[in-house]
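Close look at the chain arrangement
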Amino acid sequence: MKVLYFAFLRDRTGTGEETVNPPPEVRTVGELVAWLSTRSQGHARAFAEMAAVRAAVNQEYARMDRVLGPDDEVAFFPPVTGGSGR
Amino acid sequence: MKVLYFAFLRDRTGTGEETVNPPPEVRTVGELVAWLSTRSQGHARAFAEMAAVRAAVNQEYARMDRVLGPDDEVAFFPPVTGGSGR
Amino acid sequence: MIRIQHEDFDPGAEIARLAADGAGAGGLCLFVGLVRDMAAGQPIAAMTLEHYPAMAERELARIEAEARSRWPLRAVAVIHRYGRLEPGDRIVLVATAADHRGHAFDACRFLIDWLKTRAPFWKKEETPAGEHWVAARTDDDETAAAWDKTRE
Amino acid sequence: MIRIQHEDFDPGAEIARLAADGAGAGGLCLFVGLVRDMAAGQPIAAMTLEHYPAMAERELARIEAEARSRWPLRAVAVIHRYGRLEPGDRIVLVATAADHRGHAFDACRFLIDWLKTRAPFWKKEETPAGEHWVAARTDDDETAAAWDKTRE
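As a starting point, this report considers the structure included with it.

Cut-offs used in this document
- Residue positions are given per chain, counted from 1 along the sequence in the order it is written.
- Whichever chain is written first becomes A and whichever ligand is written first becomes 1, with later ones labelled in order.
- Residues qualify for local features only when their pLDDT is at least 70, as the model is predicted, and side-chain atom pairs are given and counted only at 80 or more; totals for whole chains, interfaces and linings, by contrast, use all residues.
- Side-chain metrics rest on all non-hydrogen atoms present in the structure, leaving aside hydrogens and water.
- Only runs of H or I of at least four residues qualify as helices and only runs of E of at least two qualify as strands under DSSP, and these elements are numbered from the N terminus.
- The globule rule is 2.2 Å times the number of residues to the power 0.38, and the radius of gyration it is compared with is taken over C-alpha atoms.
- Relative accessibility decides the category of a residue: with a 1.4 Å probe and only protein chains considered, values under 20% of the type maximum give buried, values over 50% give exposed, and everything between is partly exposed.
- Within 6.5 Å between ring centres, the rings of Phe, Tyr and Trp (the latter by its six-membered ring) count as paired, and their orientation is classed by plane angle as stacked under 30 degrees, edge-to-face over 60, tilted in between.
- By the criterion adopted, a ring carries a charge over it if an Arg CZ or a Lys NZ lies within 6 Å of its centre and within 35 degrees of its normal.
- Here a polar contact is recorded for every N or O atom pair within 3.5 Å, except that within protein the pair must consist of a potential hydrogen donor and a potential acceptor, and residues adjacent in sequence are included only if both atoms are side-chain atoms.
- In this description, contact between two residues means that some pair of their heavy atoms is separated by no more than 4.5 Å.
- In this scheme, strands are said to pair when DSSP sees at least two bridges between them.
- When two parts are brought into contact, each loses some accessible area as probed by a 1.4 Å sphere; the total of that loss over both is the buried area.
- By definition here, a salt bridge exists when the distance from a side-chain nitrogen of Lys or Arg to a carboxyl oxygen of Asp or Glu is within 4 Å.
- Charged residues are taken to be Asp, Glu, Lys and Arg, nonpolar residues to be Ala, Val, Leu, Ile, Met, Phe, Trp, Tyr, Cys and Pro, and polar residues to be all remaining types, Gly included.
- Take the number of residues in a helix, subtract one, and multiply by 1.5 Å to get its expected span.
- As a rule, the C-alpha atoms of each element are fitted with a line to give its axis, helices using only the stretch in contact, and angles between N-to-C directions run from 0 to 180 degrees.
- The arc under discussion is defined with respect to the helix axis, by the directions toward the C-beta atoms.

**Quick word on the overall build of chain C**
- A tally of helices and strands in chain C yields four helices and ten strands.
- Across chain C, helices and strands are ordered from the amino to the carboxyl terminus as β-α-β-β-β-β-α-β-β-β-α-β-β-α.
- A globule of 152 residues ought to have a C-alpha radius of gyration of about 15 Å, and chain C, at 16 Å, matches this closely.
- Structurally, chain C occupies a C-alpha span of about 50 × 35 × 30 Å along its principal axes.
- Counting the 152 residues in chain C, one finds 56% classified as buried.

**Here we look at the packing of aromatic side chains**
- One pass over the full model with this rule turns up 24 aromatic pairs over all chains.
- Geometrically, the ring pair formed by F77(A) and W122(D) is tilted, given 5.0 Å between the ring centres and 50° between the ring planes. Of this pair, F77(A) sits in strand β5 (residues 73–77) while W122(D) sits in strand β9 (residues 121–127), on two different chains. Here F77(A) matches W122(D) in class, with each residue buried.
- Grouped by ring-pair contacts, the aromatic residues F6(A), Y61(A), F77(A), Y52(D) and W122(D) constitute a single cluster.
- A cation over an aromatic ring shows up here: R90(D) above the ring of F9(D), its NZ or CZ 5.9 Å from the ring centre.

**Quick word on the side chain of T117(D)**
- Positionally, T117(D) belongs in helix α3 (residues 101–118).
- In terms of polar contacts, T117(D) uses its side chain to reach the backbone carbonyl oxygen of D113(D), at 3.4 Å.
- If we skip the residues at most four places from it in the chain, T117(D) touches Y61(A), V80(A), D140(D), D141(D) and A144(D).

**Observations concerning the pairing of strand β5 (residues 46–51) of chain C**
Residues and elements named next belong to chain C.
- Within β5, five of the six residues are buried, which leaves it mostly tucked inside the rest of the structure.
- With six bridges joining them, β5 and strand β9 (residues 121–127) adopt antiparallel strand pairing. When the bridges of β9 are listed, M47 appears paired with E125.
- When β5 meets strand β7 (residues 83–85), the two strands line up antiparallel, connected through three bridges. The residue bridging L49 from the neighbouring strand is G83, located in β7.

**So, the interface of chain D and chain C**
- On the chain C side, the residues contacting the 30 residues of chain D number 30 residues.
- Both faces considered, chain D and chain C share a buried interface measuring about 2,500 Å² in area, 57% of it formed by carbon and sulfur atoms.
- Counting the contacts that link chain D with chain C gives six salt bridges.
- Here D106(C) and R109(D) are joined by a salt bridge, their closest N and O atoms 2.7 Å apart.
- There are twelve residue pairs in polar contact (both at pLDDT 80 or more) connecting chain D and chain C.
- Of all the secondary-structure elements, those providing two or more residues to the side of chain D that touches chain C are α1 (11–21), β2 (27–34), α3 and α4 (138–149) of chain D.
- Here the element with the most residues in the side of chain D that touches chain C is α3(D); it accounts for nine residues.
- By residue class, the composition of the side of chain D that touches chain C is twelve nonpolar, eight polar and ten charged.
- Across seven bridges, the pairing between strand β2 (residues 27–34) of chain C and β2(D) is antiparallel. Bridging from a neighbouring strand, G27(C) pairs with G33(D) of β2(D).

**Structural notes on helix α3 (residues 101–118) of chain C**
- Over its 18 residues, α3(C) extends 26 Å from the first C-alpha to the last, a length consistent with the 26 Å expected when each residue adds 1.5 Å.
- Of all 18 residues that make up α3(C), 14 are buried, and the element is covered over most of its length.

**What to know about the sheet that holds strand β10 (residues 130–133) of chain D**
Residue and element names in this part refer to chain D.
- The sheet built from four strands is open, its strands ordered β7-β5-β9-β10 with antiparallel pairing. Two strands close off the open sheet at either side, each with one partner strand: β7 (83–85) and β10. Strand after strand, the sheet turns through a mean of 25° between neighbouring axes, direction not considered.

**Some thoughts on the interface of chain C and chain B**
- Tallying the contact residues gives 31 residues for chain C and 24 residues for chain B.
- Buried area between chain C and chain B, both sides added, is near 2,300 Å², and the carbon and sulfur share of it is 54%.
- Sorting the residues of chain C by area buried against chain B places Y52(C), K116(C) and W122(C) first, and these three jointly supply 29% of that buried surface.
- For the pair chain C and chain B, the number of links is four salt bridges.
- With its nearest N and O atoms 3.9 Å apart, the salt bridge here joins K124(C) to D11(B).
- In this assembly, chain C and chain B are joined by 17 residue pairs in polar contact (both at pLDDT 80 or more).
- Mapped onto the side of chain C that touches chain B, the elements with two or more residues apiece are β2, β5, α2 (53–70), β8 (90–98), α3 and β9 of chain C.
- Counted by class, the side of chain C that touches chain B contains 18 nonpolar, four polar and nine charged residues.

**Here's the deal with α1(D)**
- Along α1(D), the residues that are buried comprise P11(D), G12(D), E14(D), I15(D) and L18(D). The arc that holds the buried residues of α1(D), viewed along the axis, is 160°, so those residues lie on one side. Exposed side of α1(D), more than 90 degrees from the buried face: A20(D) and D21(D) are the residues found there.
- Along its buried surface, α1(D) packs onto α1 (11–21) and β2 of chain C together with β1 (2–5), β2, β6 (73–81) and β8 (90–98) of chain D.
- Capping the start of α1(D), D10(D) holds a side-chain oxygen 2.9 Å from the backbone nitrogen of G12(D), two or three residues further along.

The analysis is restricted to geometry; functional conclusions fall outside its scope.
Shown next, in the form of structure tokens:
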């Protein structure tokens, strides 16, 4: 499973992309977050404040209860801030 | 007093501009309309439907009860249709 | 910035000027009105825009001042053409530069709505059935009047 | 038409393309977002826009499709830049061509409102106090959510 990190999550995890093989009991996005948080202090800090984290599965916004498959691309990032000023 | 006509009012009066000397009892825009209407059949047709006529005095929108001075520039025209389509 | 002219204008050059005049703005909003090829189900071969020059200058200046009094704008551009125009030709440009995009959008829309009901321009259309003066639209008046209600 | 690129774009060329793609339209509405020189009272030296390329493509295409489903549009353009940009630089362009100006304005504003809350781009600002990721604004979410209410 490919996991991508953007913005402050990339800074904190220290990586933009990693391939992971979570155990079978990790079935949802939320369970993946909990499992990833154990990989390093940086990962734990990235997911410390889940109100500031959004997830996408295969390039579409996904909720924490979304069930994952082994070939999914999962991305974590903060709320978006593109466009222009205000 | 200078009187200007635009759009269908110009077509019907047959003139874009004329200098007139109305009698002293013509004091308001509305009284000027009544007096101008007697000048020709074309003038009468131009002012036949006053709901479709707007007036300006010295380049500002004016109502029919606006009092006129001898040096005023008075313009008559239909509701405007500039800008783009709809 | 107000201009009334027969000649065409270049929207790209106007945006560049607006960005320069409004340096520091976060957003530019621009609207360009074009001559349509159909009106009321009839093909339009061309149209002629007549105007009252002295009053058009005053009304456009007034409309710009009104927009600036309602929203914090860094720059405003209004250009209106007159004379004979063909389908696809540009008729009018209104554009705003503001710190916040909502102000740029609101002011830009206000400018075109007000202009359409106040600026002394009149369209004569050439169709297969002949020439005719375009009648003003009641819904344009209503659209413009809605802005009056937003003012206390 | 969706484009995601580092390079600058030319608003004049985009308007010309929009007018050509939307031939027959009565109005073109365009918004250009620029890098401001101040944010939260601090001078900004530059900003870097990070993005998630595959998802940004999908989201912008989705936003365009959503706008086209809500309004009768003859052409749509959305361009978003990424990478390092300086104050005054163009960040984003959204533009619409429609028969009626209200549709062009509404759709253009919808595009930028939705884009700001859905398209995966993130800004990092460089200020005298250092670099920081810009926090999302609650009022942007509210602005975008207001469009949901307009849909039955």
